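Remarks on the overall topology
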Amino acid sequence: MNNFTMGRYVPYNSFLHRMDPRAKIFCLVALVVAIFMDFGFSWAMTFTMDAIAAILILVLLWSSRTSLGQVLNSLKSLWFMAVFLLIIYILMPVGTSTWVAFNIGTYPIYWDSILNAAKILLRLVLMIELTMILTSSTKPLDLTYAFEWYLYPFKLIGFPSHEVAMTLSIALRFIPTILEDVERIMKAQTSRGVDFSRGKIGAKFRAIVSLIVPLFVSSFVRSEELANAMECRGYDPKAKRTRYRQLAFGWSDVAETVFVGCFLALFIYVSVTKFDAFYTWWGLQLPS
Amino acid sequence: MPIDFSQVTFVYNRKSPFQYEALHNVSLHLDEHLFIALVGRTGSGKSTLIQHLNALLSPTEGEVVIDQYINSSDRKKRSKKLKDLRKLVGLVFQFPEYQLFEETVEKDVAFGPKNFGYGPETALQVAHESLQTVGLNESFYTRSPFELSGGEKRKVAIAGILALDPDYLVVDEPTAGLDPEAARETMELFESIHQKGKTIILVTHDMNLVNQYADKVVVMEDGKVAEVATPKELFSHPIEQYSLEMPAFFETIRYLNAHGYHLDETKIDNVASLAKAIAEGRAQK
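Just so you know, these numbers come straight off a predicted model, no measurement behind them. (Residues numbered from 1 in each chain as written. Chains lettered and ligands numbered in written order. Predicted model: local features only at pLDDT ≥ 70, side-chain atom pairs only at ≥ 80, totals over all residues.)

With that settled, the discussion passes to the overall build of chain A. Broken down by element type, chain A carries 11 helices and two strands. Taken against the 2.2 N^0.38 rule, which gives 19 Å for 288 residues, the C-alpha radius of gyration of chain A at 24 Å runs more than 25% over that of a compact globule. Across its three principal directions, the C-alpha atoms of chain A cover 75 × 55 × 40 Å. Split into buried and exposed, the 288 residues of chain A put 20% on the buried side. A separation threshold of at least 6 residues defines the contact pool for chain A, and within that pool the share at least 24 residues apart is 74%. (Helix = DSSP H or I, 4+ residues; strand = E, 2+ residues; numbered from the N terminus. Rg over C-alpha atoms; globule rule 2.2 N^0.38 Å. Buried ≥ 20, exposed ≤ 12 C-beta atoms within 10 Å, placed from the backbone. Contact = placed C-beta atoms within 7 Å.)

Following this line, the structure appears as structure tokens:
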């Protein structure tokens, strides 16, 4: 494949790659929660905390050896949503402040709204980079093992955790295969004169149809073949099975999890106590 | 006009851990109106090479010249209307039946011509002609391509490329997965197109086909052109180093020679002359 798919697993050997996938998923969730903590309308504190999170994530990005191109690529696919969100949030008044930035006609735009929009966008980007770190540093198979491990408790109430994990691992396994199919079919249709990158709406629609239909057909063929192959080897979803690769939770995993836990705790503390370093340090009164 | 590769290098996934050089400094000259076979083991760069012919890929370094079109690593030197190159060079991928998508066979075949600006009427007419060429009659026109057999599907897909009336026809493993009868029909089809003065480039692993049809063989190995020769020249020396199998024709001659015959390979061109030589050899005995 010539084009580099965003978030695809890249086999390096960083500490993130060596980390236990269960710990990694926990850390991801904890960090996302931390990022989305609410600090009220104290913008200085909000952006300080977000900057701390951003620095951590940049360090993680750097240490997972994710290339800058990949990061930019992930942002490029986001731009439409970003513009949409910015417009909505900027137009929507939030908070009680009457600090007007400017007027569109008679409609006032508040600074609070602009800062809020910036906050949301920044947090969204941070979250996406985090998930990208996870997927680019973890083998899909390890990810599904971790998911299955997290689903174990639900087995008690009859939740088919193994089946779900199997479905998930098959789905993940087929992403690169289907991407290859996409590329192959696109090339075949391009040879028949289809232009996927340019053209009018109508032509573009036909181009997409010429890709989607064969893709569906080959996906169905594949899934049928896979189902047959699994049945031929006597696959039974209910059977108890052992695993060749065992996940091992090491000391470094504990340390990393504890670190992320502390990080989350700090964010929760700041959020709950409405602790505002700026007002406290400068001896100012908290705005009520 | 001919095809010219000059010092073409192609790298997949540049600057990433998956970086892979598929073509390395390939220079190759192919004349028109020939039946050219492209052989080599899996991963030797055959598919990458043929995708340069209709600009699905552009070289990382070097350039490919096909008639008046230039497919170069340098964007400035690249021809502006490279899309038209795809009409000049028809590329039939391996297992082309997976590219069918229309409701009817005739519509699917007419899809290509329509993309190149034919009107709906002309496109259908061209589609019918090329369906006739591949041996599918009127009864197939309005059937759904998905209800056809594997061999018929492949014929429809090939007709879809033939409908563009390309001067160069590039086919990747066209006989893979076909029964011997269908495979022979397919090869006869390409041979008849070749007879009409078109250039055929056949990618294959089957040396019998190479021996039977090709005027010229290009052997690829590790992203380089290892040899360009006529089939006779190629098969006159050991070819195991390229993981190729000697065609049955030459195997037979050598087996006979090892068991008491004295057949002269250079004078035997086809099965008929082989039979004659064997008969003479027997008479001498």
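Structure's up, so let's keep going.
When helices and strands are counted, chain B shows 10 helices and 10 strands. If one aligns the C-alpha atoms of chain B with their principal axes, the spans along those axes are about 70 × 50 × 35 Å. Considering chain B as a whole, with its 285 residues, one finds that 41% of them fall into the buried category. Contacts spanning at least 24 positions in sequence make up 60% of the contacts within chain B whose residues lie at least 6 apart.

This next bit is on the sheet that holds strand β4 (residues 61-66) of chain B. All names here are of chain B. In space, the four strands of this open sheet follow the order β2-β1-β4-β5, with antiparallel pairing throughout. Two strands in the sheet have a free side with no partner beyond their single neighbour: β2 (20-30) and β5 (69-72). Each strand of the sheet is rotated relative to its neighbour by a mean of 20°, with strand direction disregarded. Here five bridges tie strand β1 (residues 3-12) to β4, and the two strands are oriented antiparallel to one another. (Pairing = 2+ DSSP bridges. Axes fitted to C-alpha atoms, helices over the stretch in contact; angles between N-to-C directions.)

Next up on the list: the sheet that holds strand β9 (residues 216-221) of chain B. Residue and element names in this part refer to chain B. Strands sit in the order β6-β7-β8-β3-β9-β10 across an open sheet of six strands; the sheet is mixed. Looking at which strands have only one partner, the edges of the open sheet turn out to be β6 (89-92) and β10 (224-229). Direction aside, neighbouring strands of the sheet carry axes that sit 15° apart on average. Relative to β10, β9 runs antiparallel, the two being bridged by five bridges. For valine 217, the partnering residue across the bridge sits in β10 and is alanine 229.

Attention now moves to helix α7 (residues 140-151) of chain A. Residues and elements named next belong to chain A. In a regular helix each residue adds 1.5 Å, so 12 residues correspond to 16 Å; α7 covers 17 Å between its end C-alpha atoms and thus fits that length. Among all positions of α7, only Leu143, Thr144, Tyr145, Ala146 and Glu148 are buried. The elements touched by buried residues of α7 are α2 (21-35) and α8 (161-191). (Expected span 1.5 Å × (residues − 1).)

Below, the discussion takes up the environment of Met19(A). Residues and elements named next belong to chain A. Inspection of the secondary structure assignment puts methionine 19 in the loop between α1 (15-18) and α2. Overall, methionine 19 belongs to the buried group, with 21 C-beta atoms counted inside 10 Å. In this structure, the C-alpha to C-alpha distance between methionine 19 and phenylalanine 259, residues 240 residues apart in sequence, is 13 Å. Setting aside residues no more than four positions away along its own chain, methionine 19 makes contact with Lys24, Asp253 and Glu256.

Right, let's talk about the packing of α2(A) against helix α6 (residues 111-137) of chain A for a bit. Residues and elements named next belong to chain A. For the pair α2 and α6, interaxial distance at closest approach is 10 Å and the crossing angle is 175°. The pairing of α2 with α6 is recorded here as roughly antiparallel in orientation. In contact with Lys24, Leu28, Leu31, Val32 and Ile35 of α2, α6 contributes Arg123, Leu126, Met127, Leu130, Thr131 and Leu134. (Parallel < 35°, antiparallel > 145°, perpendicular 65-115°, else oblique.)

Here the focus is the nonpolar core. Formed by 81 residues in total, the largest nonpolar core has its most connected members in Ile36(B), Leu38(B), Val109(B), Ala159(B), Val170(B) and Leu202(B). If one sorts the elements of this core by residue count, helix α5 (residues 150-162) of chain B sits on top with six residues. Discounting residues that sit within four places of it in the chain, Ile36(B) has contacts with Leu30(B), Ile200(B), Ile201(B), Leu202(B), Ala214(B), Asp215(B), Lys216(B) and Val218(B). Counting residues in each nonpolar core, the second largest holds 20 residues, with Ala53(A), Leu126(A), Met132(A) and Val270(A) among its members. (Core = buried A, V, L, I, M, F, W, Y, C linked by C-beta atoms within 7 Å.)

So, on to the pairing of strand β7 (residues 168-172) of chain B. Residues and elements named next belong to chain B. Burial runs high along β7: five of the five residues are buried. The side-chain alternation of β7 yields two buried faces, one formed by Tyr168, Val170 and Asp172 and the other by Leu169 and Val171. Looking at chain direction, β7 and strand β8 (residues 199-203) are connected through five bridges and run parallel. Across the sheet, residue valine 170 finds its bridge partner in β8, namely isoleucine 201. Taking the sense of rotation as the criterion, the β-α-β connection linking β7, helix α6 (residues 180-195) and β8 turns out right-handed. (Right-handed = clockwise from strand over helix to strand, strands pointing away.)

With that settled, the discussion passes to the interface of chain B and chain A. Taken together, the contact pairs 22 residues of chain B with 21 residues of chain A. Taken together, the elements giving at least two residues each to the side of chain B that touches chain A come down to α2 (82-88) and α3 (105-115) of chain B. In terms of residue class, the side of chain B that touches chain A is built from 12 nonpolar, seven polar and three charged. (Nonpolar A, V, L, I, M, F, W, Y, C, P; charged D, E, K, R; others polar.)

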